[in-house]
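# Examining the three-dimensional arrangement
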Amino acid sequence: MDFSLMLNAHRGFAYLILLSSAIFIIALLMTMFGYSGRITKLLRKSTLFTMIFFHTQALIGLIMLFFFSPGFKAAKEAGTLMKDAVSRNTYVEHPTAMVIAAVLLTILNKKFKTSDKIQMSWVILAVIALALMLWAFQWHRLFGGAA
């Protein structure tokens, strides 16, 4: 596989994640404030698709990081992976935070599938997952055009 193909797939799934996360937030707010706390079909589906996109994105990103990324290999060999803030953010903080957010979404998906009423602890878990995703998202790379 080619690095540019993987990078384009990674960027494409980023747009899908943003769209599905927005739908997930809307469904979560509708469930909290509009349906007496009953988990709706929209919330279940939006959680499922957000989780699927997150897992696919994480898989593509981790394969790209460990097998194809010339920057990761160069930073690791030069010993600057943790010393340089940009390298640390790109190759350590971003993947770690995204994998943790994917795990939290997996837990939420299971909770929403097996229950009829939403609990506040699940809402807090969703907020943590989305906040982590928004913090670690590479906004400048997706919308700034830099590679």
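Further up the page is the structure itself.
These numbers come from a predicted model, not from an experiment.

### A word on the packing of helix H2 (residues 41-68) against helix H4 (residues 85-114)
One way to put it is that H2 packs onto H4 with a least axis distance of 9 Å and a crossing angle of 150°. Taken together, the axes of H2 and H4 are roughly antiparallel relative to one another. In the crossing of H2 with H4, the sense of the turn from one axis to the other is left-handed. Along the contact surface, H2 presents Leu-43, Arg-44, Thr-47, Leu-48, Thr-50, Met-51, Phe-54, His-55, Leu-62 and Leu-65, while H4 presents Tyr-91, Pro-95, Met-98, Val-99, Ala-101, Ala-102, Leu-105, Thr-106, Leu-108, Asn-109, Phe-112 and Lys-113. Its residues assigned to classes, the contact of H2 with H4 shows 15 nonpolar, 5 polar and 2 charged.

### Some details on the nonpolar core
Core analysis: the biggest nonpolar cluster contains 27 residues, and Phe-24, Leu-43, Phe-54, Phe-112, Ile-118 and Met-133 have the highest contact counts within it. No other element matches the 8 residues that H4 contributes to this core. Setting aside residues no more than four positions away along its own chain, Ile-118 makes contact with Leu-28, Thr-31, Met-32, Gly-37, Ile-39, Leu-43, Phe-112 and Val-123. Counting residues in each nonpolar core, the second largest holds 5 residues, with Leu-65, Phe-72, Ala-75 and Leu-81 among its members.

### Description of the pattern of salt bridges
Under the counting rule described, the total for this entry stands at 2 salt bridges. Here Asp-116 and Arg-44 are joined by a salt bridge, their closest N and O atoms 3.7 Å apart. In this pair, Asp-116 sits in the loop between H4 and helix H5 (120-136) while Arg-44 sits in helix H2, placing the two residues 72 residues apart along the sequence. According to the relative accessible area criterion, Arg-44 is partly exposed, its value standing at 25%.

Criteria and thresholds
- Residues numbered from 1 in each chain as written.
- Predicted model: local features only at pLDDT ≥ 70, side-chain atom pairs only at ≥ 80, totals over all residues.
- Heavy atoms only, no water.
- Axes fitted to C-alpha atoms, helices over the stretch in contact; angles between N-to-C directions.
- Helix = DSSP H or I, 4+ residues; strand = E, 2+ residues; numbered from the N terminus.
- Parallel < 35°, antiparallel > 145°, perpendicular 65-115°, else oblique.
- Left-handed = near helix turned anticlockwise from the far one by under 90°.
- Contact = heavy atoms within 4.5 Å.
- Nonpolar A, V, L, I, M, F, W, Y, C, P; charged D, E, K, R; others polar.
- Core = buried A, V, L, I, M, F, W, Y, C linked by side-chain atoms within 4.5 Å.
- Buried < 20%, exposed > 50% of the residue type's maximum accessible area, 1.4 Å probe, protein only.
- Salt bridge = Lys/Arg side-chain N within 4 Å of Asp/Glu carboxyl O.

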